[in-house]
Amino acid sequence: DNAQTPINEQSIGKGWEHSYIYLDDISIEEKKCELSVDLGEDLEVCENEGNLLDAQNDGALFKWQDGSTASTFEATGPGKYWVEVSNEYCSVSDEIIFEAIPIPEFSLGADTTICLGDPFELVAEGDEDNYRWQDESFGKSYTVSHPGEYWAELDYECGTVREIVAISPIDCNCRVYIPNSFTP
């Protein structure tokens, strides 16, 4: 008995369509799935930060969330990334989520006008207490008495945030002279 002989109409002849064929010597081999994939733990990342994801498993087939089929994928910022790895026996998958590190927000207020020589306090309205000002001093507020552009910066994990405000002068000592009926 040759178990490798294919059975088809030509090998058994016509007229056997409703007959039964008995086979012996069938062997079933169990293949264990030896694939595994781990993209790592979810992370916080900066906008446009590149992270190389590697699904490993040489010789396997790969399918990433965007349809690409390489074993590696360059994730460029926040989002959900996944890969399916397969071979002729099985398939495994994993996903990773990159959350954006929030950009700190603060404000120095609107551009404003001050009287020449009068001090004016700029206050960085935000959650932090230690802003860097244009003269390299640090603090939540900065006192100005001259017109110009002033800025404050805040460093965080992904870079620096800067807020700028313009201070314009006005002469507050100018007296308006309005003549009356008794003025010569």
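This write-up is about the structure you can find in this document. (Residues numbered from 1 in each chain as written. Predicted model: local features only at pLDDT ≥ 70, side-chain atom pairs only at ≥ 80, totals over all residues. Heavy atoms only, no water.)

Thoughts on the state of the cysteines
Convention followed: Pairs of cysteine sulfur atoms within 2.5 Å are what we label disulfides. The helix count covers DSSP runs of H or I at least four residues long, the strand count covers runs of E at least two residues long, and both are numbered beginning at the N terminus. For every residue, the accessible area obtained with a 1.4 Å probe (protein chains only) is divided by the maximum for its type, and the residue is called buried under 20%, exposed over 50%, and partly exposed between those limits.
Applying the stated criterion across every chain yields a total of three disulfides. Put simply, Cys46 and Cys158 are joined by a disulfide, and their sulfur atoms are 1.8 Å apart. A torsion of -90° about the S-S bond marks the disulfide between Cys46 and Cys158 as left-handed. Taken as a pair, Cys46 in the loop between β1 (43–45) and β2 (50–54) and Cys158 in the loop between β14 (148–156) and β15 (159–170) lie far apart in primary sequence, 112 residues in all. On the basis of relative accessible area, Cys46 is assigned to the buried category, the value being 13%.

With respect to the sheet that holds strand β12 (residues 138–139)
Formally: DSSP-based pairing: two strands are paired if at least 2 bridges between them are found.
Spatially, β8-β15-β14-β11-β12 is the arrangement adopted by the five strands of the open sheet, whose pairing is mixed. Looking at the sheet topology across the chains shown, the edges are occupied by β8 (112–115) and β12. Here strand β11 (residues 131–133) runs beside β12; their pairing, made up of two bridges, is antiparallel. Residue pairing in the sheet places Arg132 in a bridge with Phe138 of β12.

Some points on the side chain of Arg132
Under the convention used in this document: Two N or O atoms form a polar contact when they lie within 3.5 Å of each other; inside protein one atom must be a possible hydrogen donor and the other a possible acceptor, and for residues adjacent in sequence the pair counts only when both atoms belong to side chains. Note on definitions: a residue-residue contact is assigned when non-hydrogen atoms from the two residues lie within 4.5 Å.
Here Arg132 shows up in strand β11. Side-chain polar atoms of Arg132 contact the side chain of Glu153, separated by 2.6 Å. In terms of polar contacts, Arg132 uses its side chain to reach the side chain of Asp155, at 3.0 Å. Setting aside anything within four residues of it in sequence, one finds Arg132 in contact with Ser137, Phe138, Trp151, Ala152, Glu153, Asp155 and Thr160.

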